[in-house]
Amino acid sequence: MKKNFLMVALAALIVTTATCVVGCSFDEFVSKFTGAASGSAVSGGALPEYVSGQAVEIEEYDALELVELSNYIGVEVDCTVSDEELDAELDNLLAEKPLKIETGTAKNGDKVNIDYSGKKDGKKFDGGTAEDQTITLGESGFIDGFDDAVIGMKVGEKKDAHLKFPDDYHDEKLAGKKVVFTIKLNYIAGVKNMVDDEYIKKNTDYKTLDEWKTETKKSLAETKKSSAAVTATGKVLDESKVKSVPPTLLLAEKEMTRASFMAQIAQYGVDLDTALQMQGKTKEVFEDELLKQAQKTCEAELICEAIIEKENLDVSDAAVKKYIDDMVAQSGNSLDTIKQNFKNAYGTAMTFEDYMKTAYEYNTVSEFIGKNAKIIE
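Reference entry: report on the structure contained in this document.

What counts as what
- Residues numbered from 1 in each chain as written.
- Predicted model: local features only at pLDDT ≥ 70, side-chain atom pairs only at ≥ 80, totals over all residues.
- Heavy atoms only, no water.
- Helix = DSSP H or I, 4+ residues; strand = E, 2+ residues; numbered from the N terminus.
- Buried < 20%, exposed > 50% of the residue type's maximum accessible area, 1.4 Å probe, protein only.
- Areas by Shrake-Rupley, 256 points an atom, 1.4 Å probe, with all protein chains shown as cover.
- Salt bridge = Lys/Arg side-chain N within 4 Å of Asp/Glu carboxyl O.
- Contact = heavy atoms within 4.5 Å.
- Patch = residues over 30% accessible without salt bridge, like charges linked within 9 Å, V, L, I, M, F, W, Y side chains within 5 Å.
- Lys, Arg positive; Asp, Glu negative; His and termini not counted.
- Charge placed at Lys NZ, Arg CZ, Asp CG, Glu CD.
- Axes fitted to C-alpha atoms, helices over the stretch in contact; angles between N-to-C directions.
- Parallel < 35°, antiparallel > 145°, perpendicular 65-115°, else oblique.
- Nonpolar A, V, L, I, M, F, W, Y, C, P; charged D, E, K, R; others polar.

1. Some thoughts on the overall build of the chain
Phase 1 of the analysis: On a plain count of helices and strands, the chain comes out with 14 helices and 11 strands.
Phase 2 of the analysis: Sorting the 377 residues of the chain into buried and exposed places 40% on the buried side.
Phase 3 of the analysis: Accessible area of the chain: about 20,900 Å², with a carbon and sulfur share of 47%.

2. Brief notes about the pattern of salt bridges
Phase 1 of the analysis: Counting across every chain of the model gives 16 salt bridges.
Phase 2 of the analysis: For the salt bridge of K283 with D273, the shortest nitrogen-to-oxygen distance reads 3.3 Å. Note that K283 is positioned in helix α11 (residues 283-311) and D273 in helix α10 (residues 272-279), a separation of 10 residues in sequence.
Phase 3 of the analysis: A relative accessible area of 47% means that D273 is categorised as partly exposed.
Phase 4 of the analysis: Two residues, K322 and D326, come together in a salt bridge whose shortest N-O distance is 3.1 Å. Of this pair, K322 and D326 both sit in helix α12 (residues 317-331), separated by four residues, roughly a single helical turn.
Phase 5 of the analysis: Of the residues examined, K322 reaches a relative accessible area of 51% and is grouped as exposed.
Phase 6 of the analysis: Among the ionic contacts, a cluster of salt bridges with common partners joins E222, K225 and E377.

3. A word on the side chain of K254
Phase 1 of the analysis: Looking at where K254 falls in the secondary structure, it is placed in helix α9 (residues 247-266).
Phase 2 of the analysis: Its relative accessible area of 11% is what places K254 among the buried residues.
Phase 3 of the analysis: In this view, K254 contacts L47, E287, L290, L291 and A294; residues no more than four positions away in its chain are not counted.

4. Section: a negative patch on the surface
Phase 1 of the analysis: A cluster of acidic residues, D196, D197, E198 and D210, forms a negative patch on the protein surface.
Phase 2 of the analysis: Mapped onto the elements, D196 comes out in the loop between β9 (178-189) and α6 (197-203).
Phase 3 of the analysis: Classification of D196 by relative accessible area gives partly exposed; the value is 36%.

5. Notes on the packing of helix α8 (residues 228-239) against helix α14 (residues 352-371)
Phase 1 of the analysis: With their axes 8 Å apart at the nearest point, α8 and α14 run at an angle of 100° to one another. In terms of axis orientation, α8 runs roughly perpendicular to α14. Along the contact surface, α8 presents A229, V230, A232, T233 and V236, while α14 presents Y362, S366, I369 and G370.
Phase 2 of the analysis: Each residue belonging to the contact of α8 with α14 can be placed in one class, and the counts come to six nonpolar, three polar and no charged.

6. Here we look at unusual backbone geometry
Phase 1 of the analysis: Phi is positive for D132, which is not a glycine, with a value near 55°.
Phase 2 of the analysis: Secondary-structure assignment places D132 in strand β7 (residues 123-136).
Phase 3 of the analysis: Located in the positive-phi region is N312, a residue other than glycine, with phi close to 55°.
Phase 4 of the analysis: Summarising the element assignment, N312 is placed in the loop between α11 and α12.
Phase 5 of the analysis: With a relative accessible area of 70%, N312 lands in the exposed category.

In structure tokens, the structure reads:
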């Protein structure tokens, strides 16, 4: 198998490619081009020299010889729903639609909703004022004394808390300074064991808590089933072993990852040195991260290619063309528009057709693994 990748200045490409290779839905993939939505490396040898702007010709290789495939037939996918997962959904519901207790006194460990306004020398300071903030008393992360000031307040009460910022506080203007926070306790937020039929009826489409639990459990299970192919494929990618990656393939992917990063930071008008400084990274760390990302992309690609070869799956030009035609039809845009969107976003490092083939190979393998997966219900 031989591929050519043109190494030129380009917009973000391989990061997105890597994401699709390890599992994105068709809808997510389509959205990237239609305007619908805005370990250590184990290479086969030292990376060859690379001259910017030149094409990297990928050496001949046989994916089956480079990969030790894990079992990809009958991969178990657990689609059962645990009590912990159901509890997490209830937490999400309470976060979105709080159960407001509008009487009583706040105590340590309570989740409460407050307004607060901080002043230093009688004037408000930046970042010291907020409304409708929910915190857990005793673990809010606010400065010492803040939570203690709220503990013991009654719902609806307002009070002034005279506090002092730590001497080593990161903002020098506030470090060691005395301040006054005016705090109002809006309500105490109810917790899971306080949810009843009345709350469910008021805040959901269901009439009872038991009905909500039953239907939510069904929905979570269906979601797991609908993504079973991606889940199973992820297991295969994780458990299969790539013995080595052709150096030229790794080089191509690494340089495309670099170009992707450079295009992204260019959108913010910063150069590489500035971007790395903002992230607290050295160039050595940056290069290592590029290599690891490229390694991950290459391994996923080789594993998919090995399965395609072993199972003789259809990734012919005709099949890829149909895949592209389906995407165009679903998008509602013309092929020319989609290609231009692709070029605007990702430059010319890889042709649109080659990119689509890479995505189609993953989707073909994922569909195959999914059809042969063992669903545990």
